[in-house]
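# Structure at a glance
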Amino acid sequence: MIETVGIVGAGQMGAGIANLFARHGFRVLLCDRDARQLERAVAGIRRDLARRPPKEGTADDVVGRIATSLTLDPFAAAGFVVEAVTEEEPLKREIFRQLDGIVPHGVVLATNTSSIPIASIAAATDRPDRVIGMHFMHPVPVMALVEVIRGAATSDDTFAVTAGLAARLGKEMAVSRDLPGFIVNRILIPMINEAVYALEDNVATAQDIDKAMRLGTNQPMGPLALADFIGIDTVLSIAKVLFERFADPKYCPCPRLARMVAAGELGRKSGKGFFTY
Ligand SMILES: NC(=O)c1ccc[n+]([C@@H]2O[C@H](COP(=O)([O-])OP(=O)(O)OC[C@H]3O[C@@H](n4cnc5c(N)ncnc54)[C@H](O)[C@@H]3O)[C@@H](O)[C@H]2O)c1
């Protein structure tokens, strides 16, 4: 029975994943290279626990199960790992290479990548059969879905371990083949990208584009507000992966996304994106 989970990256997703596992009684090892991110993550988890108290135990119990670190060394004690660092392939491959040397052999290494092929990340390790995609949705404790992606070498046992964890976490699972963007982002990111092109074409204001999609297609959030919520840098990274990997012009990221990232307009996490926060 898995009791301790290592999470690499304490950004928006890593913090959410840590929150989810700790709420479900797991011990969590949370690593980031940036001490401020670790502090922000724990503070954010505390705020979330105050807003939505845990089903079992107290907020202190949940936070008490989370241990933070600036290195991966404590992951020698992990029974399962989820990687949630920035969406950059060389970075993820390097983290997996390091994890492979520290985490006991046989332990599953999962990646929360939004779009990068699992097989490519797995190839950085000597255990590609123990590597799998476990793609949580933001905000992690709230969203019902986890996408599970099998790489070319992912074993049946690795899949079973991951599916078992998803069930213990109370998540619904959708299984995807290892193609860029998997299910959700292959469909969602082109929609967001088209909304950005519509804004560039002055089809309507950002407010009206979002209003039209909310009230006209019954989405809880418009595509531009959703882009701000995901992070404009992450949206651009995923759009680039779809464009480059499928080599299909239909996925071409709207240049406005790159301009926004260069200007530090990353959405909610920086206070400004398509809207101001
Ligand atoms: N934002 C979303 O809605 C969403 C949803 C599902 C999946 N994802 C995926 O989750 C991953 C993380 O996204 P995010 O939104 O949390 O990004 P983020 O920018 O909020 O966080 C990334 C974190 O990774 C850390 N990091 C970078 N290099 C590191 C290293 N070498 N060692 C340790 N930590 C390092 C950064 O310091 C930062 O805290 C990405 O792969 C992204 O595609 C994002």
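Every value quoted in this text rests on a predicted model; they were computed, and no experiment measured them. (Residues numbered from 1 in each chain as written. Predicted model: local features only at pLDDT ≥ 70, side-chain atom pairs only at ≥ 80, totals over all residues. Heavy atoms only, no water.)

### Observations concerning the overall build of the chain
When its secondary structure is counted, the chain shows eleven helices and eight strands. In summary, the chain has a C-alpha radius of gyration of 19 Å against a globular reference of 19 Å for 277 residues, a match within 12%. With the C-alpha coordinates of the chain rotated into their principal frame, the extents come out at 55 × 40 × 30 Å. Counting only residues that meet the buried cut, the chain has 50% of its 277 residues in that class. Considering only contacts in the chain between residues 6 or more positions apart, those separated by 24 or more positions represent 67%. Carbon and sulfur atoms make up 55% of the accessible area of the chain, which totals about 12,700 Å². (Helix = DSSP H or I, 4+ residues; strand = E, 2+ residues; numbered from the N terminus. Rg over C-alpha atoms; globule rule 2.2 N^0.38 Å. Buried < 20%, exposed > 50% of the residue type's maximum accessible area, 1.4 Å probe, protein only. Contact = heavy atoms within 4.5 Å. Areas by Shrake-Rupley, 256 points an atom, 1.4 Å probe, with all protein chains shown as cover.)

### Describing the side chain of Asp32
Checked against the element boundaries, Asp32 lands in the loop between strand E2 (27-31) and helix H2 (35-51). In this structure the side chain of Asp32 is engaged in a polar contact, spanning 2.7 Å, whose partner is the backbone nitrogen of Ala10. A polar contact of 2.9 Å, which involves the side chain of Asp32, links it to the backbone nitrogen of Asp34. Not counting residues up to four positions away in its chain, the partners in contact with Asp32 are Gly9, Ala10, Gly11, Gln37, Leu38, Ser69 and Leu70. (Polar contact = N/O pair within 3.5 Å; in protein donor to acceptor, adjacent residues only side chain to side chain.)

### Considerations on the site of the ligand
Taken together, 24 residues form the shell around the ligand, and within it Asp32, Gln37, Glu87, Lys92 and Ser114 come nearest. Here an oxygen atom of the ligand and a backbone polar atom of Met13 are 2.8 Å apart. Here Ile230 contributes a backbone N or O atom positioned 2.9 Å from a nitrogen atom of the ligand. Burial of the ligand by the protein amounts to 90% of the accessible area it has alone, namely 840 Å². Mapped onto the shell around the ligand, the elements with two or more residues apiece are helix H1 (12-23), helix H4 (89-102) and strand E6 (131-136). Ranked by the residues each element gives to the shell around the ligand, the list is headed by H4, at three residues. By residue class, the composition of the shell around the ligand is eight nonpolar, eleven polar and five charged. Residue-level mapping places the shell around the ligand at the junction of two domains, with at least three residues from each of domain 1 (4-176) and domain 2 (185-270). (Near = heavy atom within 4 Å. Nonpolar A, V, L, I, M, F, W, Y, C, P; charged D, E, K, R; others polar. Domains from an automatic or database assignment.)

### Focus on the sheet that holds strand E5 (residues 108-111)
Taken in spatial order, the eight strands of this open sheet run E3-E2-E1-E4-E5-E6-E7-E8, and their pairing is mixed. Of all the strands in the sheet, the pair left with one neighbour each is strand E3 (66-69) and strand E8 (172-176). With direction set aside, neighbouring strand axes in the sheet form an average angle of 25°. The sheet contact formed by E2 and E3 spans four bridges and is parallel. Along E3, the bridge assignment pairs Val28 with Ile66. The strands touched by H4 are strand E1 (4-8), strand E4 (80-83), E5 and E6; relative to E5, the strand with the most contacts, the crossing angle is about 165°. (Pairing = 2+ DSSP bridges. Axes fitted to C-alpha atoms, helices over the stretch in contact; angles between N-to-C directions.)

### Describing unusual backbone geometry
In terms of backbone geometry, most residues other than glycine have negative phi values and most peptide bonds are trans. A cis amide bond links His138 with the next residue in sequence, Pro139, at an omega value of -5°. Tracing the backbone shows Pro139 in the loop between E6 and strand E7 (145-150). Phi at Phe182 takes a positive value of approximately 55°, unusual for a residue other than glycine. Mapped onto the elements, Phe182 comes out in the loop between E8 and helix H7 (184-200). Classification of Phe182 by relative accessible area gives buried; the value is 5%. Unusually for a residue other than glycine, Ala247 sits at a positive phi of about 45°. Tracing the sequence through the fold places Ala247 in the loop between helix H10 (232-246) and helix H11 (255-262).

### Describing the pattern of salt bridges
Pairs may arise between side chains of opposite charge once their charged atoms sit close together. Taken as a whole and judged by the stated rule, the model has 15 salt bridges. Between Arg130 and Asp157 there is a salt bridge, with the nearest N and O atoms lying 3.0 Å from each other. You can see Arg130 sitting in the loop between helix H5 (118-122) and E6 and its partner Asp157 sitting in helix H6 (residues 156-168), a full 27 residues away along the chain. A salt bridge links Glu200 to Arg259, with the nearest nitrogen and oxygen atoms 3.3 Å apart. (Salt bridge = Lys/Arg side-chain N within 4 Å of Asp/Glu carboxyl O.)

### Quick notes on the domain arrangement of the chain
In terms of domain boundaries, the chain breaks down into domain 1 (4-176) and domain 2 (185-270). Just the C-alpha atoms count here: the centres of domain 1 and domain 2 sit 26 Å apart. Of the roughly 790 Å² buried between domain 1 and domain 2 on both sides combined, carbon and sulfur atoms contribute 54%. Our enumeration of links across domain 1 and domain 2 arrives at one salt bridge. Glu89 is the partner of Arg245 in a salt bridge, and the nearest nitrogen-oxygen pair spans 2.4 Å. (Buried area = accessible area lost by both parts, 1.4 Å probe.)

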